[in-house]
Amino acid sequence: MKKVLVVDDSPTIRQQVSQTLAQSGFEVIEAADGIEGAEKIASDADIGIVILDVNMPRMNGLEMLEKVREGGRHRDLPVIMLTTEGQQSLIERAKLAGAKGWIVKPFKAELLVSAVRKLITT
Amino acid sequence: MTEAADKPTHGETLALLEQLAGVACTSLFQAYGVALQRVNEAEASPATTPAPILYSGIVGFGGPGIRGACILAASEKPILQSNPVDGSLRDWIAELSNQLVGRIKNKLLAHGTEVYVTTPVVLRGEHLAPMPRRELPPLSFKTDGGSVFVWIELETAADFVLGPPSQAIAEGEAVLF
């Protein structure tokens, strides 16, 4: 099975998401902001889904999503936004960039695992 | 009744905002397994709390007709109890503050008001409390072995009102497209 990339500037949230997914058998790697996340996607073909925060320093999650989709690249890589934000305008922007889901923090473990199981590419 | 008579007063709007913040704080800690009990300031005050060291996260926010800051302060125990992992105390109080303001922001959104928020600032000190421009009692909460305080320092335009509530994405809900 491919890996899950968790992109969040909070080490606590990264650790919480990683532990939750690892307990369900997923291999998880982490990035602390959008720049690091985009670099990992560019260099690791084994990433099968991305869990992506919105508000982060250097490059936010929506900017990262739009960057990795540039020119149609990685267009089949599923992305779930995990954020405190609930603004419809941000959700629409994420959908337009090809996000597959939106979860408002704090997440429920069973819903996150279920969403990842459903969407991860093999 | 005229339209003007139906419009909430400035004081009613502020009271509603405080109510939203109280609910947001209680439900946030509940989501991380910590039950908060709302108490009056005489029962739990930052000046008299038995655990004098407080950890505090401050997040500013602003939008059309409204600006302010949310200050979350808590003794160590509720922060440790709510932390889902064995991680940094500093990062967790910042994340809790961020999620608290996120909840308030989403409640404001459901009332038709959009605000933008700042990055959290974290403080640690004894009997921490803000020095507001006018009297600002905290929303006080007690937990099993600790205290949590929330201040919402707020300025609104005289004609600022919250709209009627509408549906918003609930925290924890997963929406797949």
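Look up: the structure comes first, before these words.
One structure accompanies this document, and this report is about it.

Let's shift gears to the pattern of salt bridges. Between side chains of opposite charge, a pair can form as their charged atoms come close. All names here are of chain A. Counted according to the given criterion, the structure contains 12 salt bridges over all chains. Where D8 meets K105, a salt bridge forms, and the shortest distance between an N and an O atom there is 2.9 Å. Linking D8 in the loop between β1 (3–7) and α1 (11–23) with K105 in the loop between β5 (101–104) and α5 (109–119), this pair joins segments that are 97 residues apart in sequence. One salt bridge in this structure joins R93 and E66, with 2.8 Å as the shortest N-O distance. Of this pair, R93 sits in helix α4 (residues 88–96) while E66 sits in helix α3 (residues 61–68), placing them 27 residues apart in sequence. With a relative accessible area of 32%, E66 lands in the partly exposed category.

Approximately 480 Å³ is the volume found for the largest pocket. Lining the largest pocket are 24 residues, with D9(A), N55(A), N98(B), T119(B) and P120(B) sitting closest to its centre. When residues of the lining of the largest pocket are traced back to their parent elements, those giving at least two are α4 of chain A together with α4 (89–110) and β4 (116–117) of chain B. The element that contributes the greatest number of residues to the lining of the largest pocket is α4(B), accounting for six residues. Quantified by volume, the second largest pocket comes out at close to 340 Å³. Lining the second largest pocket are 17 residues, with L14(B), E18(B), L136(B), I152(B) and L154(B) positioned closest to its centre. Counting residues per element, the lining of the second largest pocket draws most heavily on strand β7 (residues 146–156) of chain B, at seven residues.

Residues and elements named next belong to chain B. Across the 11 residues that make up β7, a large majority, nine, are buried. Sheet topology places strand β3 (residues 66–74) next to β7; nine bridges connect them, and they run antiparallel. Along β7, the bridge assignment pairs C70 with I152. Bridge analysis of strand β6 (residues 139–143) against β7 gives five bridges, and the strand direction is antiparallel. For L139, the partnering residue across the bridge sits in β7 and is V150. Hairpin connection, β6 to β7: the antiparallel pair is bridged by two residues, and G145 has positive phi, about 95 degrees.

Attention shifts here to the sheet that holds β1(A). Spatial ordering of the open sheet is given by β2(A)-β1(A)-β3(A)-β4(A)-β5(A)-β8(B), a layout of six strands whose pairing is mixed. The outermost strands of the open sheet, each flanked by one partner alone, are β2 (28–31) of chain A together with β8 (174–176) of chain B. Strand after strand, the sheet turns through a mean of 20 degrees between neighbouring axes, direction not considered. Bridge count for strand β4 (residues 79–83) of chain A against β5(A) is four bridges, and the pairing is parallel. By the bridge assignment, I80(A) is partnered in β5(A) with G101(A). Of the strands in this sheet, β1, β2, β3 (47–52) and β4 of chain A are in contact with α1(A), which crosses β2(A) at around 170 degrees.

To continue, consider the interface of chain A and chain B. Each partner contributes residues to the interface: chain A has 28 residues there, and chain B has 29 residues. When the two sides are added together, the surface that chain A and chain B hide from each other amounts to roughly 2300 Å², 60% of it contributed by carbon and sulfur. For K105(B), the salt bridge identified is with E85(A), shortest N-O distance 2.5 Å. Contributing elements (two or more residues each) for the side of chain A that touches chain B: α1, α4, β5 and α5 of chain A. Per-element accounting of the side of chain A that touches chain B gives the leading share, six residues, to α1(A).

Once that is clear, we can look at the environment of L108(B). Counting through the fold element by element, L108(B) comes out in helix α4. Remark: the alpha-carbon pair of L108(B) and E76(B), spanning 32 residues in sequence, is separated by 29 Å.

Our focus in this paragraph is the packing of aromatic side chains. All names here are of chain B. Under the counting rule described, the total for this entry stands at two aromatic pairs over all chains. Taken together, a centroid distance of 4.9 Å and an interplanar angle of 85 degrees make the contact between Y32 and W92 edge-to-face. Remark: W92 occurs in helix α4 and Y32 occurs in the loop between α2 (10–31) and β1 (37–39); sequence separation between them is 60 residues. Judged by its relative accessible area of 10%, Y32 is buried.

Residues and elements named next belong to chain A. Of note, the bond from K105 into P106 is cis; its omega dihedral lies within 30 degrees of zero at 0 degrees. Considering the arrangement of structural elements, one finds P106 in the loop between β5 and α5. Phi at R58 takes a positive value of approximately 65 degrees, unusual for a residue other than glycine. Summarising the element assignment, R58 is placed in the loop between β3 and α3. Residue classification places R58 among the exposed residues on the basis of a relative accessible area of 60%.

Reading the values: the criteria
Residues numbered from 1 in each chain as written. Chains lettered and ligands numbered in written order. Predicted model: local features only at pLDDT ≥ 70, side-chain atom pairs only at ≥ 80, totals over all residues. Heavy atoms only, no water. Salt bridge = Lys/Arg side-chain N within 4 Å of Asp/Glu carboxyl O. Helix = DSSP H or I, 4+ residues; strand = E, 2+ residues; numbered from the N terminus. Buried < 20%, exposed > 50% of the residue type's maximum accessible area, 1.4 Å probe, protein only. 1 Å grid on protein atoms, 1.4 Å probe; cavity = no way out; pocket = protein on both sides within 12 Å on 5 of 7 lines; lining within 4 Å. Points joined across faces, edges and corners; volume = space filled by probe spheres on them. Pairing = 2+ DSSP bridges. Axes fitted to C-alpha atoms, helices over the stretch in contact; angles between N-to-C directions. Contact = heavy atoms within 4.5 Å. Buried area = accessible area lost by both parts, 1.4 Å probe. Phe/Tyr/Trp six-rings, centres within 6.5 Å; stacked < 30°, edge-to-face > 60°.

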